[in-house]
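One-letter residues, chain by chain:
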Amino acid sequence: MSRKAPAVESYAHLWEGDVFRNRWVIWNTAAETLVFDRETNCPVDAGDETVLHEVLCRMREAGVPETDDYPGRPCG
């Protein structure tokens, strides 16, 4: 088993279906692709580049919403 597997699996809540399914969004900014938490209204730290890539792949496979527009509420 890869050393990265436990790190990736620790983010499983981001792609598993439950009542919070639409809490997380894949946000494509001009500079990068991020996991965004609508509840806290900020990006989620999804680990290093390798872990982030795998997290995003699993989120896409699970059908998590993806957007190019800011997915949170206005900052004020």
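Residues numbered from 1 in each chain as written. Predicted model: local features only at pLDDT ≥ 70, side-chain atom pairs only at ≥ 80, totals over all residues. Heavy atoms only, no water.

A few words now on the nonpolar core. One finds Y11, L14, W15, V35, V55 and M59 to be the most contacted residues of the largest nonpolar core, which totals 15 residues. Only β1 (24–28) and α2 (49–61) provide two or more residues apiece to this core. Looking at this core element by element, the count peaks at five residues for α2. (Core = buried A, V, L, I, M, F, W, Y, C linked by side-chain atoms within 4.5 Å. Buried < 20%, exposed > 50% of the residue type's maximum accessible area, 1.4 Å probe, protein only. Helix = DSSP H or I, 4+ residues; strand = E, 2+ residues; numbered from the N terminus.)

As a further point, take the environment of W27. Of note, W27 is situated in strand β1. C-alpha of W27 to C-alpha of D68: the two residues are 41 residues apart in sequence and 5.9 Å apart in space. With near-sequence residues (within four places) excluded, W27 lies in contact with E32, T33, L34, F36, T67, D68, D69, Y70 and P71. (Contact = heavy atoms within 4.5 Å.)

Our focus in this paragraph is the sheet that holds β1. Here we have four strands laid out as an open sheet, ordered β3-β2-β1-β4, and mixed in their pairing. The sheet is open, and its two edges are formed by β3 (42–44) and β4 (66–67), each paired on a single side. Two elements, β1 and β4, share two bridges in a ladder whose sense is parallel. Among the inter-strand pairings, I26 is bridged to a residue of β4, identified as E66. The strands touched by α2 are β1, β2 (33–37) and β4; relative to β2, the strand with the most contacts, the crossing angle is about 65°. (Pairing = 2+ DSSP bridges. Axes fitted to C-alpha atoms, helices over the stretch in contact; angles between N-to-C directions.)

Position of T40 among the secondary structure elements: in the loop between β2 and β3. In terms of polar contacts, T40 uses its side chain to reach the side chain of D37, at 3.4 Å. (Polar contact = N/O pair within 3.5 Å; in protein donor to acceptor, adjacent residues only side chain to side chain.)

Backbone geometry follows two general trends: most residues other than glycine have a negative phi, and most peptide bonds adopt the trans configuration. Its identity as a non-glycine residue notwithstanding, N41 has a phi of 60°, on the positive side. Structurally, N41 is set in the loop between β2 and β3.

This paragraph deals with the confidence of the model for the protein chain. In the predicted model, the protein chain carries a mean pLDDT of 87, and 86% of its residues have values of at least 70. Mean pLDDT across the secondary structure elements of the protein chain bottoms out at helix α1 (residues 4–9), with 73, and peaks at β4, with 96. (pLDDT = per-residue confidence, 0-100.)

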